[in-house]
Amino acid sequence: MTDNREMIEQLRAVFFEEAEDGLAIMETGLLRLDEGVRDPELINSIFRAAHSIKGGSGTFGFSDLIDFTHCIETLLDRMRSSTHPIDSETISVLLHSVDHLRVLLVGAMNDEPTEEGLTAEVQAELEALLGPTTASAGKAAEAPSSSTPGQLCRFKIRFEPGRDLMRTGNDPVLILRELGTLGPVRVVAGLDALPRLDGLEAESFYLSFQIELETEAPLEVVEDVFGWVEDEARIEIEREPIESAAAPAPTSHPAPISAPAPTPVAAASTPASAQDRPAGPKPSAASTGPKSPDAGSIRVGIEKIDALINLVGELVITQSMLGQIEKTFDMTKLERLRDGLSELERNTRQLQESVMRIRMLPIRFVFSRFPRMVRDLSQRLDKQVKLTLSGEGTELDKTVMEKIGDPLVHLVRNALDHGLESPDVRREAGKSPEGHLEINAYHQGGSIVIEVRDDGRGLNEQKIYQRGVERGLIDAQDKPPTERILDLIFHAGFSTADQVSDVSGRGVGLDVVRRNIRELGGHIEVTSSLGIGTTFTIRLPLTLAILDGQLVRVGKQTFIVPLVSIVETLEMDTKLVSAVAGRAEVYRLRDEYIPIVRLYDLFGIKDAQTQLADGLLMVMEGAGQRAGILVDDLLDQQQVVIKSLESNFRQVQGISGATILGDGTVALILDTAGLINFASRRAFKSKGASEEHLAWS
Amino acid sequence: MDTTTLVCPREMDIAHAQAFKDQLLGLPKAGPVAVDVSDVCRVDGAGLQLLLAFVRMLASEGRSWSWVGRAASLEEAANRLAIADHLHFRAGEE
């Protein structure tokens, strides 16, 4: 019993994942229809996605979903048969229906009924398009081939399962059993294709069936019984009304079966009107919240699994080879031992990379929400917007991806609301009335870069500067460079929007965007040209679990510096060191002054090099700025697995995590961006800088 | 000639179909067979089909068989697929 329950739970989870995919197919397809694409296969793919959701819902008894999806199917069916126009209104209603399907799915997933009024509202929109006949008669009346509910019919069904039907998880026994719930069934099995036992493939299916069913159920219900196998079998269904409405005599069956009493199908499958249903409790906030069907699982391409299996095979071979050497080891085999260890290291590294790749997913999963969002928002804002997505196949860690969605949504909303102008304003400015929003992703070094670019009005640097002065963020005497002025838009509560809309403009958000991105170990910067457009560039680490690090020594402590943030390491010429504000030091590196961070001083380490001339200056770059850290010595370079200091100890400023080295000692990983920020503030801030220090708290 | 007893597995489904087929092919090639289905709890189209092919093989070789025990799930499934008559459940039942 427990096994069965677990299996059903697993199947449910698969259904919800696939339903989510189906919704994505529907949404993408509808958006393409909205763009004017008129490929019949496009409507077919939307229809198939809806049909699969309905079929799965039927399996698990989600009656709300079945009824609602059926209405969608009916409308789509009319669109593909050209009996209903494919216009903007219809597409909007269907998109709205997809949203509601998602709500119903979340409700089904959490076993919480969805508010009746919500379904009734969306269903009314669909029914308004379908017309009064369909709306009142439900699913049984909308197709000309359908039978009238309550009329007894005889269905002659030819069911020829394909050889692979059982391999796909289907079973003719279950199908015929389900058919038996609709009414008396007479089955004749065709055994002609069944080979001799020795020539029979155990998992293939060879039988076929000629079936007669007498039922009052409409054609669609009978068809639905075969819904899951329509691609795996040849199915022909003929229907003929039986004149007498009297119940048929029980069909003789070859052997006694304790068959369940025929279920009144019309009651089970005809959609009840929303008003007839008992009112359920409102879904809780959690049920409609961000819980995603795939929250606890990940889909992995088979090629990644195959690569992993290959590597494990290699590892086993290498281990076996080393085992052989160990059994008969003498010094003449030293070279072979070295080779073997080197092979083991290579295998381990490749295995690690392969395992990490399993967590990597294409950023398409995040990007896919934007076409719909841009369409809806641009309609609401009365703007014309062309969206271009590129680099959708760029992969990044699942955790990073889950957390980057909201910041990106915020940037896109901002671009639509404030960046892109209305068509009239654009015409006046000599631009095309259609604004262009471009979202691009690509790998660069050890990072993923995401750009959100619009060709709108651009940021008004002067206005930002004035607002910054008003708010005391900039000294009126200072003339900071452009990037620092534009950076003010990331301050909490900072907004230059003249109007606050419900889309954006409250000055709440960009600071949160930056904070979220920083929490992921990334950074965001903005560039803009007035009248030409704005680009937000986000740089994120590919993964949060492992980094390539440079081990450095300060006194007896070992620190790890992320390799991607190291620009260069040099011996200092003390003549190029200057003091700022009496304490902070800067080093003149070619044409640039970079602040110096004495790690021993920051972290209170004794026995370290205190003379600049005796140590090394490691120049680091992060968050678009540079700083040099004073270290005693450079050690090895290696990949380290990041352990959270916060969850294992406590948050320490200037430190992003810890790791355990090969000799078992703990080494701290420097928070490059945090250190650079600190150093810059101390070096360039005019007041109060000398008191600033990093704290172990 | 001695009767060979075939004890059908508890789960006669696709997951165990290949093992069941191997079991059937591994039986002696001559003499009557007593097919014991009393342990069968679960059966699907793949399991039924193997049993049917086995019984047809016995019939074509002129060998007799009998059924030992009963399995409601097996009979119900065989009736659903309309192959109960081909299996002659009643005829050989002990």
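Up top you'll find the structure we're talking about.
As a starting point, this report considers the structure included with it. (Residues numbered from 1 in each chain as written. Chains lettered and ligands numbered in written order. Predicted model: local features only at pLDDT ≥ 70, side-chain atom pairs only at ≥ 80, totals over all residues. Heavy atoms only, no water.)

## Overview of the overall build of chain A
Okay, step 1: Helix and strand content of chain A: 21 helices and 22 strands.
Okay, step 2: Counting only contacts in chain A whose residues sit at least 6 apart along the sequence, the fraction spanning at least 24 positions is 71%.
Okay, step 3: When the accessible area of chain A is evaluated, it comes to approximately 35,300 Å², of which 51% is carbon and sulfur surface. (Helix = DSSP H or I, 4+ residues; strand = E, 2+ residues; numbered from the N terminus. Contact = heavy atoms within 4.5 Å. Areas by Shrake-Rupley, 256 points an atom, 1.4 Å probe, with all protein chains shown as cover.)

## Quick notes on the overall build of chain B
Okay, step 1: Helix and strand counts for chain B stand at four helices and five strands.
Okay, step 2: What you see in chain B, going N to C, is helices and strands ordered as β-β-α-β-β-α-β-α-α.
Okay, step 3: For chain B, the proportion of its 94 residues judged to be buried stands at 54%.
Okay, step 4: Of the contacts formed within chain B by residues at least 6 apart in sequence, a portion of 77% connects residues at least 24 apart.
Okay, step 5: Element-wise, carbon and sulfur atoms account for 52% of the exposed surface of chain B, whose accessible area totals about 4,000 Å². (Buried < 20%, exposed > 50% of the residue type's maximum accessible area, 1.4 Å probe, protein only.)

## Some details on the interface of chain B and chain A
Okay, step 1: Contacts between the two partners involve 31 residues from chain B and, on the opposite side, 33 residues from chain A.
Okay, step 2: A buried area of about 2,700 Å², summed over both sides, lies between chain B and chain A, and 64% of it is on carbon and sulfur atoms.
Okay, step 3: Sorting the residues of chain B by area buried against chain A places B:Gln49, B:Arg80 and B:Leu81 first, and these three jointly supply 29% of that buried surface.
Okay, step 4: Taken together, the links from chain B to chain A amount to two salt bridges.
Okay, step 5: Notably, a salt bridge pairs B:Glu61 with A:Arg196, separated by 4.0 Å at the nearest N-O pair.
Okay, step 6: Put simply, chain B and chain A have six residue pairs in polar contact (both at pLDDT 80 or more) between them.
Okay, step 7: Grouping the amino acids of the side of chain B that touches chain A by side-chain chemistry returns 16 nonpolar, six polar and nine charged. (Buried area = accessible area lost by both parts, 1.4 Å probe. Salt bridge = Lys/Arg side-chain N within 4 Å of Asp/Glu carboxyl O. Polar contact = N/O pair within 3.5 Å; in protein donor to acceptor, adjacent residues only side chain to side chain. Nonpolar A, V, L, I, M, F, W, Y, C, P; charged D, E, K, R; others polar.)

## Overview of the side chain of A:Glu73
All names here are of chain A.
Okay, step 1: By secondary structure assignment, the location of Glu73 is in helix H3 (residues 63-80).
Okay, step 2: According to the relative accessible area criterion, Glu73 is buried, its value standing at 6%.
Okay, step 3: Setting aside residues no more than four positions away along its own chain, Glu73 makes contact with Phe47, Ala50, His51 and Lys54.

## Looking at the pattern of salt bridges
Residue and element names in this part refer to chain A.
Okay, step 1: Using the criterion set out here, one finds 49 salt bridges over all chains in the structure.
Okay, step 2: One salt bridge connects Asp376 with Arg375, and the closest N-O pair in it is separated by 3.3 Å.
Okay, step 3: For Asp376, a relative accessible area of 29% puts it in the partly exposed group.
Okay, step 4: Here Arg375 falls in the buried class, since its relative accessible area comes to 9%.
Okay, step 5: Between Asp573 and Lys575 there is a salt bridge whose closest N-O contact spans 3.7 Å.
Okay, step 6: Taking relative accessible area as the criterion, Asp573 reaches 31% and is therefore assigned partly exposed.
Okay, step 7: A single salt-bridge network, built from bridges that share partners, covers Glu20, Glu27, Asp34, Asp99, Arg102, Arg372, Arg375 and Asp376.

## Remarks on empty space enclosed by the protein
Residues and elements named next belong to chain B.
Okay, step 1: In the structure shown here, the tally under the stated rule is two cavities of 30 Å³ or more.
Okay, step 2: There is about 40 Å³ of room inside the second largest cavity.
Okay, step 3: Among the elements that take part in the lining of the second largest cavity, helix H2 (residues 45-60) stands out by supplying three residues, more than any other.
Okay, step 4: Considered class by class, the residues forming the lining of the second largest cavity number six nonpolar, no polar and two charged. (1 Å grid on protein atoms, 1.4 Å probe; cavity = no way out; pocket = protein on both sides within 12 Å on 5 of 7 lines; lining within 4 Å. Points joined across faces, edges and corners; volume = space filled by probe spheres on them.)

## A closer look at a nonpolar patch on the surface
Okay, step 1: Judged by side-chain polarity, A:Ile302, A:Ile305 and A:Ile309 come together as a nonpolar surface patch covering roughly 280 Å² of accessible area.
Okay, step 2: Checked against the element boundaries, A:Ile305 lands in helix H10 (residues 302-327). (Patch = residues over 30% accessible without salt bridge, like charges linked within 9 Å, V, L, I, M, F, W, Y side chains within 5 Å.)

## With respect to helix H7 (residues 172-180) of chain A
Okay, step 1: Burial in H7(A) covers these residues: A:Pro172, A:Val173, A:Ile175, A:Leu176, A:Leu179 and A:Gly180. Projected down its long axis, H7(A) shows its buried positions confined to an angular sector of 165 degrees, all on one face.
Okay, step 2: The secondary structure elements touched by the buried residues of H7(A) are strand E1 (153-161), strand E2 (185-190), strand E3 (208-215) and helix H8 (219-225) of chain A together with H2 and helix H3 (72-80) of chain B.
Okay, step 3: The distance from a side-chain oxygen at the start of H7(A) to the backbone nitrogen of A:Val173 is 3.1 Å, and the residue carrying that oxygen is A:Asp171. (Arc of directions from axis to C-beta.)

## Some points on the packing of helix H4 (residues 88-109) of chain A against helix H5 (residues 116-130) of chain A
Residue and element names in this part refer to chain A.
Okay, step 1: With their axes 10 Å apart at the nearest point, H4 and H5 run at an angle of 150 degrees to one another. In terms of orientation, H4 lies roughly antiparallel with respect to H5. Taken as a pair, H4 and H5 cross one another with a handedness that is left-handed. Two secondary-structure elements touch here, H4 through Glu89, Thr90, Val93, Leu94, His96, Ser97, His100 and Leu104 and H5 through Leu118, Thr119, Val122, Glu125, Leu126 and Leu129.
Okay, step 2: Grouping the constituent residues of the contact of H4 with H5 by class yields seven nonpolar, five polar and two charged. (Axes fitted to C-alpha atoms, helices over the stretch in contact; angles between N-to-C directions. Parallel < 35°, antiparallel > 145°, perpendicular 65-115°, else oblique. Left-handed = near helix turned anticlockwise from the far one by under 90°.)

## Quick notes on unusual backbone geometry
Okay, step 1: The phi angle at A:Asp382 is positive, at roughly 60 degrees, despite the residue not being glycine.
Okay, step 2: Along the chain, A:Asp382 falls in the loop between helix H13 (370-381) and strand E6 (384-390).
Okay, step 3: Given the relative accessible area of 61%, A:Asp382 is considered exposed.
Okay, step 4: Phi at B:Ala82 takes a positive value of approximately 60 degrees, unusual for a residue other than glycine.
Okay, step 5: With respect to the element layout, B:Ala82 can be found in the loop between H3 and helix H4 (84-87).
Okay, step 6: Residue classification places B:Ala82 among the buried positions, given a relative accessible area of 13%.

## Description of the packing of aromatic side chains
Residues and elements named next belong to chain A.
Okay, step 1: Overall, the coordinates contain nine aromatic pairs over all chains when judged by the stated rule.
Okay, step 2: Here Phe15 and Phe16 contribute two aromatic rings whose centre-to-centre distance is 5.3 Å and whose plane-to-plane angle is 55 degrees, an arrangement assigned as tilted.
Okay, step 3: According to the relative accessible area criterion, Phe15 is buried, its value standing at 6%.
Okay, step 4: A centroid spacing of 5.9 Å and a plane angle of 25 degrees characterise the contact between Phe16 and Phe62, whose relative ring orientation is stacked. Placement of the pair is Phe16 in helix H1 (residues 2-34) and Phe62 in the loop between helix H2 (40-60) and H3, with a sequence separation of 46 residues. Each of the two residues, Phe16 as well as Phe62, counts as buried.
Okay, step 5: Members of the aromatic cluster, joined through ring pairs, are Phe159, Phe205, Phe209 and Phe226.
Okay, step 6: Here the basic side chain of Arg80 rests over the ring of Phe47, its NZ or CZ set 3.8 Å away from the ring centre. (Phe/Tyr/Trp six-rings, centres within 6.5 Å; stacked < 30°, edge-to-face > 60°. Lys NZ or Arg CZ within 6 Å of the ring centre and 35° of its normal.)

## With respect to the sheet that holds strand E13 (residues 557-562) of chain A
Residues and elements named next belong to chain A.
Okay, step 1: An order of E20-E12-E13-E22-E21 is seen for the five strands of this open sheet, with the pairing classed as mixed. Only two strands of the sheet have a single partner each, and these edge strands are strand E20 (633-641) and strand E21 (655-660). Adjacent strand axes in the sheet meet at a mean angle of 35 degrees when their direction is disregarded.
Okay, step 2: Pairing of strand E12 (residues 546-554) with E20 involves seven bridges; the strand directions are antiparallel. Note that in E20 the partner of Val552 across the bridge is Leu634. (Pairing = 2+ DSSP bridges.)

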